[in-house]
Amino acid sequence: GVAQNATLHELDLGRNGADDKAATSLAAALRANNTLQKVSIASNRITDAGAKALADSLQVWQSVVSVYVCCLLYTSQAASPVAAALQANSTLRKV
């Protein structure tokens, strides 16, 4: 899977129908992956729960340089943790 993959550098899950369960699974994998640098989860059915899980993973995922999160279904309640995680990540260069 993504967690153990040492050759994957970019992952595009955009317009994939991913929901909160998928986002939570992805978040867990991202915590363990140290080679993945770019992820797109745009245009999916990810709501507050999935967005918060991804935000938590961004706090520790230090190989990331680019995350594309456009057009998700989370509310302003999840936007603050997401913004804080993006600011806290020192390797992230593009959102």
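Residues numbered from 1 in each chain as written. Predicted model: local features only at pLDDT ≥ 70, side-chain atom pairs only at ≥ 80, totals over all residues. Heavy atoms only, no water.

Undergrad: So what's going on with empty space enclosed by the protein? Which residues, and what values?
TA: The tally for this structure, following the rule as stated, stands at two cavities of 30 Å³ or more. Considering the residues around the largest cavity, the lining is formed by 15 residues, among which Ile 41, Leu 54, Leu 58, Val 67 and Val 69 are closest to the centre. Of all the secondary-structure elements, those providing two or more residues to the lining of the largest cavity are α2 (48–60) and α3 (76–88). Per-element accounting of the lining of the largest cavity gives the leading share, five residues, to α2. Empty space within the second largest cavity amounts to approximately 40 Å³. Around the second largest cavity sit Leu 13, Ala 18, Ala 22, Ala 23, Leu 26, Ile 41, Asn 44, Ile 46 and Leu 54, which together line it. Ranked by the residues each element gives to the lining of the second largest cavity, the list is headed by helix α1 (residues 20–32), at three residues. Residue composition of the lining of the second largest cavity, by class: eight nonpolar, one polar and no charged. (1 Å grid on protein atoms, 1.4 Å probe; cavity = no way out; pocket = protein on both sides within 12 Å on 5 of 7 lines; lining within 4 Å. Points joined across faces, edges and corners; volume = space filled by probe spheres on them. Helix = DSSP H or I, 4+ residues; strand = E, 2+ residues; numbered from the N terminus. Nonpolar A, V, L, I, M, F, W, Y, C, P; charged D, E, K, R; others polar.)

These results come straight from atomic positions and should not be treated as a statement about function.
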